[in-house]
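Structure at a glance
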Amino acid sequence: MMLTIYHTEICQRALSKSFTPAALEVLIAANVAQDDLRGQIGHPEYHFDDSAFEAGYAYIAAQRNLIQEALKREDKETAWQAFGRLTHAAQDFYAHSNYLALWLARFPKDSPPAPQDVDPLAPEILQHPELRSGQVYYLEVLAYLPALRPLTRKLLPAHAHANMNLDYPERGALFPYAIEAAVKRTRHELQQTLVLLDSEARARFRGS
């Protein structure tokens, strides 16, 4: 799982100009809560794990529907929480899949584009036949202990989440791309949500 500090940073960079501080606080809390124990077991759609791409997209759509329904009831907090969960899933797509490796493979290895230039929604990569995300194995719980992390990765296959993830800087050169792609995708998800709302609902959603 991408560490809480990075999910928080992504949300703040992408959304601080679009929400009131109170709204942002609620949605960030819901975003990072997606990584609690209940969210880690049996819910690959929360994190785009196990190559469950269709389930992940369906989860995002369901959270967007919850936002619309909540705002009709003038229930802003529920809408913010749903958006927090939505953005967590969207952000994890880049940290848990090989999207970025496939995207960068199109460029010369000695002159890759800067992380800030990443395209998080390249159609040819989203539909790439080799797109996949890490398979979660229960053995991975040992990887949370730094001393056991190297051994755990050796015991697991290359397609395991423990070996594919870009959850923190030590995972290598693709980590900055994962951050930038997640920031751009978070802003995209906001726009995709706002277009479904009338002016009053938009203001309510932003925290006005």
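Residues numbered from 1 in each chain as written. Predicted model: local features only at pLDDT ≥ 70, side-chain atom pairs only at ≥ 80, totals over all residues. Heavy atoms only, no water.

**Description of the overall build of the chain**
Condition: For the purposes of this entry, the term helix denotes a DSSP run of H or I that reaches at least four residues, the term strand denotes a run of E that reaches at least two, and both are numbered from the N terminus. For the radius of gyration, the atoms used are the C-alpha atoms, and the globule rule reads 2.2 Å times the number of residues raised to 0.38. A 1.4 Å probe rolled over the protein chains alone gives each residue an accessible area, and that area as a share of the maximum for its type sets the label: buried under 20%, exposed over 50%, partly exposed in between.
Counting secondary structure elements, the chain contains 11 helices and 0 strands. Counting from the amino terminus, the chain carries its helices and strands in the arrangement α-α-α-α-α-α-α-α-α-α-α. The C-alpha atoms of the chain give 17 Å as radius of gyration, which agrees with the globular expectation for 208 residues (17 Å, within 12%). Projected onto the principal axes, the alpha-carbon positions of the chain cover approximately 55 × 40 × 30 Å. Taking all 208 residues of the chain together, 47% fall into the buried category.

**Quick look at unusual backbone geometry**
Excluding glycine, residues mostly have negative phi values, and the peptide bonds linking residues are mostly trans. Even without a glycine there, the phi angle at D50 is positive, about 55 degrees. Structurally, D50 can be placed in the loop between α3 (37-40) and α4 (53-72). In this model, E74 sits at a positive phi of 65 degrees, which is unusual for a non-glycine residue. Turning to its location among the elements, E74 is positioned in the loop between α4 and α5 (76-96). With relative accessibility at 58%, the residue E74 sits in the exposed group.

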